[in-house]
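Here's the letter readout for the chains.
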Amino acid sequence: MKQKTKFQLAAVAFLLALCPTAVNAQQMVVETQQGNDVYNLPDIVKILVKEEGMSVEEKAKEGKTYSYPQILKITFNTATSVASLKADPSNFKAKLEDDGNAISWTGTNGEQEVTLLDITGKMIRHARQTSQRMDISALPHGTYILKVGNNNIKFAK
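Here's a quick rundown of the structure. (Residues numbered from 1 in each chain as written. Predicted model: local features only at pLDDT ≥ 70, side-chain atom pairs only at ≥ 80, totals over all residues. Heavy atoms only, no water.)

### Structural notes on the sheet that holds strand β8 (residues 102-106)
The antiparallel open sheet is built from three strands, whose spatial order is β7-β8-β11. Strand pairing shows two members of the sheet lacking a second neighbour, β7 (93-97) and β11 (133-135), which therefore form its edges. On average, each strand axis in the sheet is inclined to that of its neighbour by 20°, with strand direction left out of account. Pairing geometry for β7 and β8, over five bridges, is antiparallel. Bridge assignment links A94 to a residue of β8, and that residue is W105. (Pairing = 2+ DSSP bridges. Helix = DSSP H or I, 4+ residues; strand = E, 2+ residues; numbered from the N terminus. Axes fitted to C-alpha atoms, helices over the stretch in contact; angles between N-to-C directions.)

And the structure:
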């Protein structure tokens with residue numbers, strides 16, 4: 001087996017076994033040059049890692065095989081990722097921007113109390129601001145809570 005392939009196999013195994021977001025994930029996203037393939041983890045029957053590539057088989061769907069050079073990135077989305085943000089009122093929405101280095105929101109007007117907490121409730125940042133965007137580039141990967149006025153949103157960076 002080629003050295004590069006051994007490294008790639010080890011990297012996939014590492015992602016699946018040790019990645020903290022993979023433990024509680026609901027989706028796996030395989031990013032390729034042709035686009036992203038999103039798999040719901042409960043629907044995955046098996047993932048085969050072979051010398052020539054990785055294949056993913058889902059319930060009631062035809063499997064897909066990727067050669068290692070095709071795979072740009074594999075990520076895991078948790079229930080608290082930005083893809084599944086929900087808040088009240090329903091016009092309050094948030095999204096990650098700049099490759100996860102900023103979070104922006106809509107549905108608020110004027111000056112707001114903005115608080116950023118880590119998942120344990122520890123305050124990371126607090127300010128009154130009119131801007132509807134916050135730089136989060138210095139934050140490590142993890143799950144956070146953004147409080148804007150009376151709205152709370154959990155998101156994963």
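### Some points on the environment of E58
On the secondary structure map, E58 appears in strand β4 (residues 53-58). The exposure class assigned to E58 is buried, which follows from its relative accessible area of 10%. When the C-alpha atoms of E58 and I47 are compared, they prove to be 9.0 Å apart, with eleven residues separating the residues in sequence. When near neighbours in sequence (up to four residues on either side) are disregarded, E58 contacts Y39, N40, D43, I44 and V45. (Buried < 20%, exposed > 50% of the residue type's maximum accessible area, 1.4 Å probe, protein only. Contact = heavy atoms within 4.5 Å.)

### A look at the pattern of salt bridges
Across all of its chains, the model carries seven salt bridges by this definition. The closest approach of N and O atoms between R133 and E97, which form a salt bridge, is 2.9 Å. Here R133 is found in strand β11, whereas its partner E97 is found in strand β7, with 36 residues between them in sequence. R128 is the salt-bridge partner of E113, the closest N and O atoms lying 2.6 Å from each other. (Salt bridge = Lys/Arg side-chain N within 4 Å of Asp/Glu carboxyl O.)

Keep in mind that these numbers describe shape and distance, not what the molecule does.
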